[in-house]
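Secondary and tertiary structure notes
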Amino acid sequence: MTKAMTILYEYHNNLYINLTNRCSSACIFCLRQTREEMDNSGSLWLDHEPSYEEVIEEFKKFDVEKYNEIIFCGFGEPTERIDVLLQVAKYIKDNFRKNIRLNTNGQGNLINNRDIVPELKGLIDCISISLNNPDPEKYQEIVRSIFGVKSFEAMLEFAKEAKNYVPKVILSTVDTTITKEEEAKCQKICDEIGVTYRIREFEE
């Protein structure tokens, strides 16, 4: 494992923010199990967790206006550092005309032992939450959360509440990890909650 300080990196014409390597899950499909970088980003294994000031300094190295979106997503769960995430999101809103997306496992309330969802209002434009499976037990087999099977309901409650504070909420699954029947059940869950369902392609 090569450690570096890749805080911001480009991928698919978006700018990604890598705040931490900590995560409450160990998903069986997670890219960090098989690689260290994304399209020549440099290693996303951090030497240390960057401070707010370090993150902001990195923005000076990029032409932010050319990207489609700015996304909190790296080799860790962004809500593990919710306070810095919110500070950085406010900086982006104050300085750039860009939509901000948060890619998350939806376990942020469990991680922080408080309801963090209202704090996203006005800062996060889109939130993409990993649904992974419609069955709580199978979900846990896939994500291997430190919180156990209760993380499934916590993730769904996170998604339901997020609708009240974030303009666009997406629940996603990875196409190679579940059956077509399970995908149909995931669609039903999303319809009942009133959020978008997205099937992601597995990336090697």
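So, here is what we can say about the structure in this document. This structure is a prediction, so every number in the text was calculated from the model and none was measured. (Residues numbered from 1 in each chain as written. Predicted model: local features only at pLDDT ≥ 70, side-chain atom pairs only at ≥ 80, totals over all residues. Heavy atoms only, no water.)

Topic: the nonpolar core
Using the following cut-off: Buried Ala, Val, Leu, Ile, Met, Phe, Trp, Tyr and Cys residues that are joined via side-chain atoms within 4.5 Å together make up what is termed a nonpolar core. Throughout this description, buried means an accessible area under 20% of the type-specific maximum (1.4 Å probe, protein chains only), exposed means over 50%, and partly exposed covers the range between. Whether two residues touch is decided by their heavy atoms; if any such pair falls within 4.5 Å, the residues are in contact.
Judged by nonpolar contacts, the single largest core of 53 residues is most densely connected at Ile17, Phe59, Phe72 and Leu171. Ignoring anything within four residues of it in the chain, the contact list for Ile17 reads Ile7, Leu8, Val55, Phe59, Ile70, Ile71, Phe72, Cys73, Gly74, Val88 and Ile92. Formed by ten residues, the second largest nonpolar core is a distinct cluster that contains Tyr9, Leu44, Trp45 and Cys73.

Let's talk about the packing of aromatic side chains
Heads up, the condition is: Between 30 and 60 degrees the pair is tilted, below 30 it is stacked and above 60 it is edge-to-face, where a pair is any two Phe, Tyr or Trp rings, Trp via its six-membered ring, whose centres lie within 6.5 Å.
Inspection of the entire model under this criterion finds seven aromatic pairs. Here the aromatic rings of Tyr9 and Tyr16 are separated by 5.2 Å at their centres, their planes lie at 25°, and the arrangement is stacked. Tyr16 carries the same exposure label as Tyr9, and that label is buried. One aromatic cluster is present, built from ring pairs that chain together Tyr9, Tyr11 and Tyr16.

Considering the pairing of strand β5 (residues 69-72)
The side chains of a regular strand alternate between the sheet's two faces. This is how it is decided: Starting at the N terminus, helices and strands are each numbered in turn, a helix being any DSSP run of H or I of at least four residues and a strand any DSSP run of E of at least two. Following DSSP output, two strands are said to pair if at least two bridges run between them.
The side-chain alternation of β5 yields two buried faces, one formed by Glu69 and Ile71 and the other by Ile70 and Phe72. Sheet topology places β5 next to strand β6 (residues 99-104); four bridges connect them, and they run parallel. Residue pairing across strands places Ile70 opposite Ile100, the latter belonging to β6.

Details of unusual backbone geometry
With a phi close to 55°, Asn113 is a non-glycine residue in the positive phi region. Locating Asn113 in the fold gives a position in the loop between α3 (108-112) and β7 (126-130).

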